[in-house]
There are 2 protein chains.
Amino acid sequence: MTSHARPGEDSLIARFFAPLAAPGGLGLKDDAACLSPTPGHDLVLTTDALVETVHFLPGDPPGAVARKALGVNVSDLAAKGADPAGFLLSLALPADWTEAWLTEFAAGLGRAARDFSCPLLGGDTVKAKGALTLSVTALGEVPAGRMVHRSTAQVGDAICVTGTIGDGALGLLLRRSPAWAESLSLDERAFLADRYLNPQPRHRLAPALRTYARAAMDVSDGLAGDLAKMLRVSRVSGVVAADRVPLSPAARKAVEAQPDLIDRVLTGGDDYEILCTVPESNLDRFVKEADSVGINLSVIGHVVPGHETPVFRMKDFERRYDVGSFSHF
Amino acid sequence: MTSHARPGEDSLIARFFAPLAAPGGLGLKDDAACLSPTPGHDLVLTTDALVETVHFLPGDPPGAVARKALGVNVSDLAAKGADPAGFLLSLALPADWTEAWLTEFAAGLGRAARDFSCPLLGGDTVKAKGALTLSVTALGEVPAGRMVHRSTAQVGDAICVTGTIGDGALGLLLRRSPAWAESLSLDERAFLADRYLNPQPRHRLAPALRTYARAAMDVSDGLAGDLAKMLRVSRVSGVVAADRVPLSPAARKAVEAQPDLIDRVLTGGDDYEILCTVPESNLDRFVKEADSVGINLSVIGHVVPGHETPVFRMKDFERRYDVGSFSHF
């Protein structure tokens, strides 16, 4: 402790973060981390920043904030078919940070690192001028040449998505106590809130994705907008059966109570599920392998020729979400 | 352009940053970058964040801010003997950013990436709540097992430092128009100001460092404090001949005008030079190889047994800087 009665950066790192460091992190005592890549593999690299009030709220549990900061990056790796190898954290802390907050944050970060098999390799802690800002850079590995790209969808591929869609967006909406919340049980509300706070990256799907999928990305900015992005860079279009988009029981009840919530479900963001296209001939094996790692996979449509924004069809509607993409920027 | 008459994140990235991307950055159009590591090499990873008003000032030229954000990371790689391989940038932009600022920032970033042989691989741009905050993660490569550590200094090693010390700290002080500034020419003041704004990472020294040095780190928090850190983790001590610490003509003049500035020179930070220990038997070849890449190397002392903070000796003083380390935190 220094004379200002606050630990300096070095002691803060030694106390809260060094215990989490992987061997390659060298106890966070050197200028840099050292990692020996697996021979015959490519590195996959991604970085995502989270800002308080933009990406999470001041009262959110610190452990959940840490988990989300790592989870959104691991989700990107998973979508590329990459196995997590480690991450670096850059933390800009406002002057009013407390030991209790940082203790919970570090504990949540450690749990997430274990759950996602993605250890801490290094970091930097600086004084924020404004809101708490976190930036995570995550590294993953794929066998050389096997990264799953976003721009490689082909006409005839099935469009698939993992888990359920819209829970995170509804979980965020719930905080404003909307009328439709009344029709949900306490457990259902807690489920949606948790899906917003604790995204579950699908890293266990990575080996199956790189074996069977043709193109993939993670759904972070809304299913409709992200699908449009993926198909646009692949120079194709798509048809989605909106009633095959997988909804949780809680989300289904919410949409029954207020039918126009379906638009929010399809465009809302914060899903952190995997969206991919898969050749029909691989579909059975892909679904089976996903199932074997406990991940539910839904076939929601297929890739068609054309340049239009993909269409979402249901019995009584047909929609194209032209500006469906939700942006934090 | 969206209806708010501001580009969204995707178009901002496409316009300002995609033109800078290395091939592995995939035009910044995918979820992640892909890098094929050189066989037989380890990866060295470092991250450093810069916050406006903490690490740079609002009026600083945007191109210099970009260069510094990358340069401080490349300096860490260089100190580990690593050749730069690329970087990711996380940028939290306040709402009042201008196109002129971002254009200059991107141009400076592109120039720095070329000068440091460290191309852009990926990034994230988010809305800041408060000051502009930049976080860079840089990757480098060393032949397997050859990273130069901080904790490996040995008794008898020579203590060496590149370039000149204290210029950056004096350059920052100059902004407050101190009395000693009067004794400097305009050129000398410009030189010191530039040394603060435009650190010059010593990446060209990396091959010589990994061949000849025993331990190394970069001098970012002040020579005295950083030397104390390196020797402490190596469980040794050191003796430095303070009059052999290399000063630029401008810094020398400043210290002559106000002798107590020597403490600031030795503890001030923002040098981004390389501090290393070298076995005596390697010294001649190391100095010669540094010279061949245009980097001046000074032998300033040697490693001795003990656990005390290293001592700085001059004809009329002997100092130990117990809390010499300058911290941005």
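Here the structure is a predicted model, which is why all the values come from computation and not from measurement.

1. So, the interface of chain A and chain B
Many descriptions give the size of an interface as the accessible area lost when the pieces come together. Counting residues at the interface gives 60 residues for chain A, matched by 60 residues for chain B. Summed over both sides, the interface between chain A and chain B buries roughly 4700 Å², with carbon and sulfur atoms accounting for 60% of that surface. At the junction of chain A with chain B, the criterion picks out six salt bridges. One salt bridge in this structure joins B:Asp31 and A:Arg150, with 3.4 Å as the shortest N-O distance. Seen at the junction of chain A and chain B, the total is 24 residue pairs in polar contact (both at pLDDT 80 or more). Those elements that provide at least two residues to the side of chain A that touches chain B are helix H1 (9-17), strand S1 (33-35), strand S2 (41-51), strand S3 (83-93), strand S4 (120-127), strand S5 (133-143) and strand S7 (215-219) of chain A. Here the element with the most residues in the side of chain A that touches chain B is S2(A); it accounts for ten residues.

2. Some points on the pairing of strand S2 (residues 41-51) of chain B
By the criterion of burial, S2(B) is predominantly enclosed, with ten of the eleven residues buried. Sheet topology places S1(A) next to S2(B); three bridges connect them, and they run antiparallel. Counted as the bridge partner of A:Leu35 is B:Leu43 from S2(B). The pairing of S2(B) with strand S5 (residues 133-143) of chain B spans eleven bridges and is classified as antiparallel. For B:Asp42, the partnering residue across the bridge sits in S5(B) and is B:Val142.

3. Digging into the UniProt feature "binding site: Mg(2+) 2" (unreviewed entry) in chain A
Per the UniProt record, "binding site: Mg(2+) 2" (unreviewed entry) is annotated on A:Asp48 and A:Asp76. Over a stretch of 29 residues, the named residues converge on one spot in the fold, their C-alpha atoms separated by at most 9.3 Å. Topologically, A:Asp48 is positioned in strand S2. Beyond its immediate stretch of four places on either side in the chain, A:Asp48 contacts A:Val72, A:Asn73, A:Asp76, A:Leu134, A:Ser135, A:Val136 and B:Asp124. A relative accessible area of 7% places A:Asp76 in the buried class.

4. Brief notes about the domain arrangement of chain A
Residue and element names in this part refer to chain A. By the assigned domains, chain A splits into domain 1 (9-143) and domain 2 (158-320). Its C-alpha centre places domain 1 at a distance of 26 Å from the equivalent point of domain 2. Contacts between the two partners involve 25 residues from domain 1 and, on the opposite side, 19 residues from domain 2. Both sides together, the interface formed by domain 1 and domain 2 hides about 1700 Å², and carbon and sulfur atoms give 57% of it. Our count for the contact surface shared by domain 1 and domain 2 stands at three salt bridges. In this structure, Lys68 and Asp270 form a salt bridge, with 3.4 Å as the shortest nitrogen-oxygen distance. One can count nine residue pairs in polar contact (both at pLDDT 80 or more) joining domain 1 with domain 2. Elements represented by at least two residues in the side of domain 1 that touches domain 2 include exactly helix H2 (62-79), S3 and S5. In terms of residue count, the dominant contributor to the side of domain 1 that touches domain 2 is H2 (ten residues). In the side of domain 1 that touches domain 2, the residues fall into 13 nonpolar, four polar and eight charged.

Here is what the cut-offs are and how they apply
- Residues numbered from 1 in each chain as written.
- Chains lettered and ligands numbered in written order.
- Predicted model: local features only at pLDDT ≥ 70, side-chain atom pairs only at ≥ 80, totals over all residues.
- Heavy atoms only, no water.
- Contact = heavy atoms within 4.5 Å.
- Buried area = accessible area lost by both parts, 1.4 Å probe.
- Salt bridge = Lys/Arg side-chain N within 4 Å of Asp/Glu carboxyl O.
- Polar contact = N/O pair within 3.5 Å; in protein donor to acceptor, adjacent residues only side chain to side chain.
- Helix = DSSP H or I, 4+ residues; strand = E, 2+ residues; numbered from the N terminus.
- Buried < 20%, exposed > 50% of the residue type's maximum accessible area, 1.4 Å probe, protein only.
- Pairing = 2+ DSSP bridges.
- UniProt positions renumbered as here; feature names shortened; annotations may be inferred.
- Domains from an automatic or database assignment.
- Nonpolar A, V, L, I, M, F, W, Y, C, P; charged D, E, K, R; others polar.

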